[in-house]
Amino acid sequence: MTSDWQGFFKLIEAKNQFIVTCHVHPDGDAIGSLLAVGFLLKKLGKNVELVCSEGVPTVYTFLEGSELIKKERGPSLLPEVLIAVDCAERERCALAEEIWGIPGLIVINIDHHITNTGFGNLNIVDSQAAATGEVLLRLFKEAGIALEQGVATALYTAVATDTGFFRYSNTSSFTLELAATLVKEYGVEPAKVAEQVHEQKSFNSIRLLGEVLCTLKVGVGGKVAWMVLDQEMLNKYPVENEETESFVNYARSIEGVEIGILFKELRANEIKLSWRSSVNVDVSKLAAYFGGGGHARAAGCTLNGPVKKVVDDVLRFVAGFYEAR
Ligand SMILES: [Mn+2]
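Residues numbered from 1 in each chain as written. Predicted model: local features only at pLDDT ≥ 70, side-chain atom pairs only at ≥ 80, totals over all residues. Heavy atoms only, no water.

Details of the sheet that holds strand S6 (residues 122-125)
Then, in step 1: Taken in spatial order, the six strands make up an open sheet running S3-S2-S1-S4-S5-S6, and their pairing is parallel. Each end of this open sheet is capped by a strand with a single partner; those strands are strand S3 (69-70) and S6.
Then, in step 2: In the sheet, strand S1 (residues 17-21) pairs with strand S2 (residues 47-51) via five bridges, with the strands oriented parallel. When the bridges of S2 are listed, Ile19 appears paired with Glu49.
Then, in step 3: Where helix H2 (residues 28-43) meets the sheet, its contacts fall on S1, S2, S3 and strand S4 (81-85), and the angle it forms with S2 comes to roughly 170 degrees.
Then, in step 4: Across the sheet, helix H3 (residues 132-142) lies against S4, strand S5 (106-111) and S6, angled at about 105 degrees from S5, the strand it touches most. (Pairing = 2+ DSSP bridges. Helix = DSSP H or I, 4+ residues; strand = E, 2+ residues; numbered from the N terminus. Contact = heavy atoms within 4.5 Å. Axes fitted to C-alpha atoms, helices over the stretch in contact; angles between N-to-C directions.)

Focus: the nonpolar core
Then, in step 1: If you look at the biggest cluster of nonpolar residues, it comprises 56 residues, and the most contacted ones within it are Phe8, Ile83, Ile110, Phe140, Leu147 and Leu182.
Then, in step 2: Residue contributions to this core peak at nine residues, all from H2.
Then, in step 3: Those residues in contact with Ile110, other than ones at most four positions away along the chain, are Phe8, Ile83, Ala84, Val85, Asp86, Ile124, Thr132, Val135 and Leu136.
Then, in step 4: Within the second largest apolar cluster, 24 residues are counted, among which are Val224, Trp275, Leu286 and Val314. (Core = buried A, V, L, I, M, F, W, Y, C linked by side-chain atoms within 4.5 Å. Buried < 20%, exposed > 50% of the residue type's maximum accessible area, 1.4 Å probe, protein only.)

Notes on the environment of Gly294
Then, in step 1: The residue Gly294 is located in strand S11 (residues 293-294) in this model.
Then, in step 2: Separated by 58 residues in the primary sequence, Gly294 and Lys236 place their C-alpha atoms 30 Å from one another.
Then, in step 3: Once you skip the residues sitting within four places of it in the chain, Gly294 turns out to touch His113, Ile114, Thr115, Ser284 and Ala299.

A closer look at the domain arrangement of the protein
Reports of interface size often rely on the accessible area that becomes lost once the parts have come together.
Then, in step 1: Examined at the domain level, the protein breaks down into domain 1 (5-198) and domain 2 (203-324).
Then, in step 2: For domain 1 and domain 2, the distance between their C-alpha centres works out to 27 Å.
Then, in step 3: On the domain 2 side, the residues contacting the 12 residues of domain 1 number 10 residues.
Then, in step 4: Contact between domain 1 and domain 2 buries roughly 900 Å² in total, counting both sides, with carbon and sulfur atoms accounting for 49%.
Then, in step 5: Taken as a group, His25, Thr115 and Ser169 account for 40% of the area that domain 1 buries against domain 2, more than any other trio of residues on that side.
Then, in step 6: Taken together, domain 1 and domain 2 are joined by zero salt bridges.
Then, in step 7: Inspection of the domain 1/domain 2 interface yields four residue pairs in polar contact (both at pLDDT 80 or more).
Then, in step 8: Residue classes in the side of domain 1 that touches domain 2 are distributed as six nonpolar, six polar and no charged. (Domains from an automatic or database assignment. Buried area = accessible area lost by both parts, 1.4 Å probe. Salt bridge = Lys/Arg side-chain N within 4 Å of Asp/Glu carboxyl O. Polar contact = N/O pair within 3.5 Å; in protein donor to acceptor, adjacent residues only side chain to side chain. Nonpolar A, V, L, I, M, F, W, Y, C, P; charged D, E, K, R; others polar.)

Here we look at the layout of surface pockets
Then, in step 1: Space inside the second largest pocket adds up to approximately 230 Å³.
Then, in step 2: Taken together, 13 residues form the lining of the second largest pocket, with Leu35, Phe39, Glu64, Gly65 and Val151 sitting closest to its centre.
Then, in step 3: Per-element tally for the lining of the second largest pocket: the top contributor is H2, with five residues.
Then, in step 4: Split by residue class, the lining of the second largest pocket holds seven nonpolar, three polar and three charged. (1 Å grid on protein atoms, 1.4 Å probe; cavity = no way out; pocket = protein on both sides within 12 Å on 5 of 7 lines; lining within 4 Å. Points joined across faces, edges and corners; volume = space filled by probe spheres on them.)

Looking at empty space enclosed by the protein
Then, in step 1: For the coordinates displayed, the defined rule picks out one cavity of 30 Å³ or more.
Then, in step 2: Around the largest cavity sit Asn241, Thr244, Glu245, Leu262, Lys264, Lys272 and Ser274, which together line it.
Then, in step 3: Looking at the lining of the largest cavity, the elements that each hand over two or more residues are strand S9 (259-267) and strand S10 (270-277).
Then, in step 4: Residue composition of the lining of the largest cavity, grouped by class: one nonpolar, three polar and three charged.

Section: helix H1 (residues 5-14)
Then, in step 1: Inspection of H1 places Trp5, Phe8, Leu11 and Ile12 among the buried residues, and these make up the whole buried set. All buried residues of H1 fall inside an arc of 125 degrees around its axis, so they share one side. The outward face of H1, more than 90 degrees from its buried face, is lined by the exposed residues Gln6, Lys10, Glu13 and Ala14.
Then, in step 2: Lining the buried residues of H1 we find S1, H2, S4, S5, S6 and H3. (Arc of directions from axis to C-beta.)

Quick notes on the packing of aromatic side chains
Then, in step 1: Summed over all chains, the structure comprises eight aromatic pairs.
Then, in step 2: An angle of 20 degrees between the planes, with centres 6.4 Å apart, marks the rings of Trp275 and Phe290 as stacked. Note that Trp275 is positioned in strand S10 and Phe290 in the loop between helix H10 (283-289) and S11, a separation of 15 residues in sequence. Of the two residues examined, Trp275 and Phe290, each falls in the buried class.
Then, in step 3: On the numbers, 5.0 Å between centres and 75 degrees between planes, the contact of Phe290 with Phe317 is edge-to-face. With Phe290 in the loop between H10 and S11 and Phe317 in helix H11 (residues 307-324), this pair connects stretches of sequence that are 27 residues apart.
Then, in step 4: An aromatic cluster of at least three residues, connected via ring pairs, comprises Trp275, Tyr289, Phe290 and Phe317. (Phe/Tyr/Trp six-rings, centres within 6.5 Å; stacked < 30°, edge-to-face > 60°.)

Shown next, in the form of structure tokens:
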């Protein structure tokens, strides 16, 4: 773990213009962490813009301050510092490319991905942390910064979503203690967050899930399960990108299955793979083989080619991976 919080605060103190961003296809950790850093900078009296090029997924618009997150940066603020949260690499940042050309721009990288490339001038990366929200919570705690209920809820949502609501193996006693602190000291309501995230689904997303489940297959000796989500299904049941994020978990949840994969056709010949695994397999390594990355239990990559060919190629690779073990 690298945790240069003194360097972080020293740098922040010296600068005034900030831009904060998260990764493309933002999840709860990305949005929650973005809001938390925005809260901190505003509390310190800084000029700050929160930017996510794809906007906030509807499911997270219940978070206080989410309306302040813009799709592009405004013309008035010339950032001195860019803070990226929950981004494993520079290319994953949800910002227009021109930002990197701003002379003298200092980049701070706050993250928890094991595959983080250390692209910042200052890197605060803790791959042991369950979520970037957990990294930030530790910061707020150590720096003695009091939270408000809104930002506490954003941080709780960040940690809850990245841990599958405290079910995944990244849930530590520390994670639970932090969550308890948010509930006890800042009035976060776990039931309300769970309801907002899990019980406000669109009709289309459930119908789409039905279509995707019909493609479910199991192979490689029962250790791998996969599903396909193609453009035809998406045209039939249009949903936001974020609404299909949890589909892969159904493949992973089958008895005996160690790896679950969702093949999602983003457009013709561009297939995004979501990998999920049980304790036995580090899927970040499998995703990395195809140029992607992520965590041991949840990773992603994008391949080019027709869906059927990509599925065949990947399954052949996974079968080879098991044979070599
Ligand atoms: Mn995360």
